[in-house]
Each structure stands twice: as structure tokens, then as C-alpha cells.
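The lines below spell out each chain.
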Amino acid sequence: MKKLHIIYILFFGACFITSAQIQEENFNETTLPMGWTASSGPTGCTWQSGYTGPIEGSGYNNPSSFASGGVIFNDFSCGGGIANYVELEGPAIDLVAAGVSSVAIEITYNHQTFGNNGDFFVDVWDGITWQNVLLVDGDSPFVDSGTNETKNIDVTSYINSSFRVKFIYDDEQDELNQFTFGVGIDDYKLLDTATAGI
């Protein structure tokens, strides 16, 4: 009988943990996931999904990578002096109908700059307009760390019936800033934080 109780606890505990995750994308496949859209730069340079190589600018001795795959925008390979502003947008989800009262984004990323050129933004749709919830304007993580950065962002105040997330990369290039590296995203999760601790 004790074994059955343990099995029930494990089963129902797993159900609660699973229910805490509302949306997830790991970008392991070489094509963009269903429902995701991506814009391109002026020369057609765009996001690359399923990337497993070293992340440009992340180091010479100990570069970072996404071992199982991630999505990157490699500004370095697009050529210097080209102003790239690109977006990667996820599918809408109705958080109101799902009864979600507390929600957060968990994102693992790698943003590398040259001369501090290049910005990475995470925006969310609040039902009326886009709201910025994260701005990264420097190397994150540090060069030669061999790691990636993970952030948890509370987005509870933006719960609505058509919630979406958008990743933006702006290389900030002009006649003075001719060169930078880019950004990569390994994992994205939208979590119901009201049930995540159960």
C-alpha cells in the first residue's frame, strides 16, 4: 500500500509541475517552430534555428554554445555597416481563458557586442501595445565564460487574452558603428507561477 501512495504522489506531483508550464520553445529544430514568425534584415539576413555551433563573439578560449540547438541572429555574418533590426515573435495564448493569475517568462540567451554595439529586447503584448520587459545592452554573459544567461521576468501585469512574446535584436549600426556580433536564444518558457511552487 505504501508503494501505491508513493506512486500517486509522484504522478500527481508531476502533473502539478507540468501544469505550471504554459508555453515552451527550445528552438532545437532547424526550422522555426509552428506559430513563430521572424523578420529579416535589409540584405535578407535572418534568424537561424537549430544552431549548435559556438556563439559568435562569446570567446576564443571558452566560447558559449547551445548544445541541443537554439535560435541565433548572427550579425557578424551579415556584414559590417548594415543596420539590422530583426524580430522573432511567438504565437498568441489566451491567459485569461486559462485562468492564469500569476505568470513569468524564463529565457536562456547569449548576447554579444563589439564596442558595446547591439541591443537585445524582450517585449510582451499587453492586449493593446508592446511592453518592454528586458533590455540587454552589453555582453551577457561575459566573454569566455562558456555559459549562457538565464533570466526570470514577472509579466503578471500583462496578462490578457492574446498574450505574446517578441524578441528583438538591434545592432545599432550606423556610419560610426560598423561591426557587432549578435544574440542567441536557447530556451523560452512561459510559466504559471501561482502553481509552479506546488
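The structure under discussion appears in the preceding block.
These numbers come from a predicted model, not from an experiment. (Residues numbered from 1 in each chain as written. Predicted model: local features only at pLDDT ≥ 70, side-chain atom pairs only at ≥ 80, totals over all residues. Heavy atoms only, no water.)

Draft legend 1. The packing of aromatic side chains, seen in detail. Applying the stated criterion across every chain, the model contains 11 aromatic pairs. Ring geometry for Phe114 versus Phe181: centroids 6.0 Å apart, planes at 85°, classification edge-to-face. One end of the pair, Phe114, is in the loop between strand 6 (103-112) and strand 7 (119-125); the other, Phe181, is in the loop between strand 10 (165-170) and strand 11 (182-192), and 67 residues separate them in sequence. Classification of Phe181 as buried rests on a relative accessible area of 10%. Among the aromatic residues, ring-to-ring pairing joins Phe27, Trp36, Tyr109, Phe120, Phe167 and Tyr188 into one connected group. Over the ring of Trp125 we find Arg164, and its NZ or CZ is 5.0 Å from the ring centre. (Phe/Tyr/Trp six-rings, centres within 6.5 Å; stacked < 30°, edge-to-face > 60°. Helix = DSSP H or I, 4+ residues; strand = E, 2+ residues; numbered from the N terminus. Buried < 20%, exposed > 50% of the residue type's maximum accessible area, 1.4 Å probe, protein only. Lys NZ or Arg CZ within 6 Å of the ring centre and 35° of its normal.)

Draft legend 2. Expanded view of the state of the cysteines. The final tally for this structure, using the stated rule, is 1 disulfide. Covalently, Cys45 is tied to Cys78 through a disulfide, its sulfur atoms 1.8 Å apart. Here the disulfide of Cys45 and Cys78 is left-handed, its torsion about the S-S bond being about -80°. With a gap of 33 residues between them, Cys45 in the loop between strand 2 (37-38) and strand 3 (48-51) and Cys78 in the loop between strand 4 (70-74) and strand 5 (85-89) connect regions that are remote in the sequence. Cys78 shares its class with Cys45; the two are buried. (Disulfide = S-S within 2.5 Å.)

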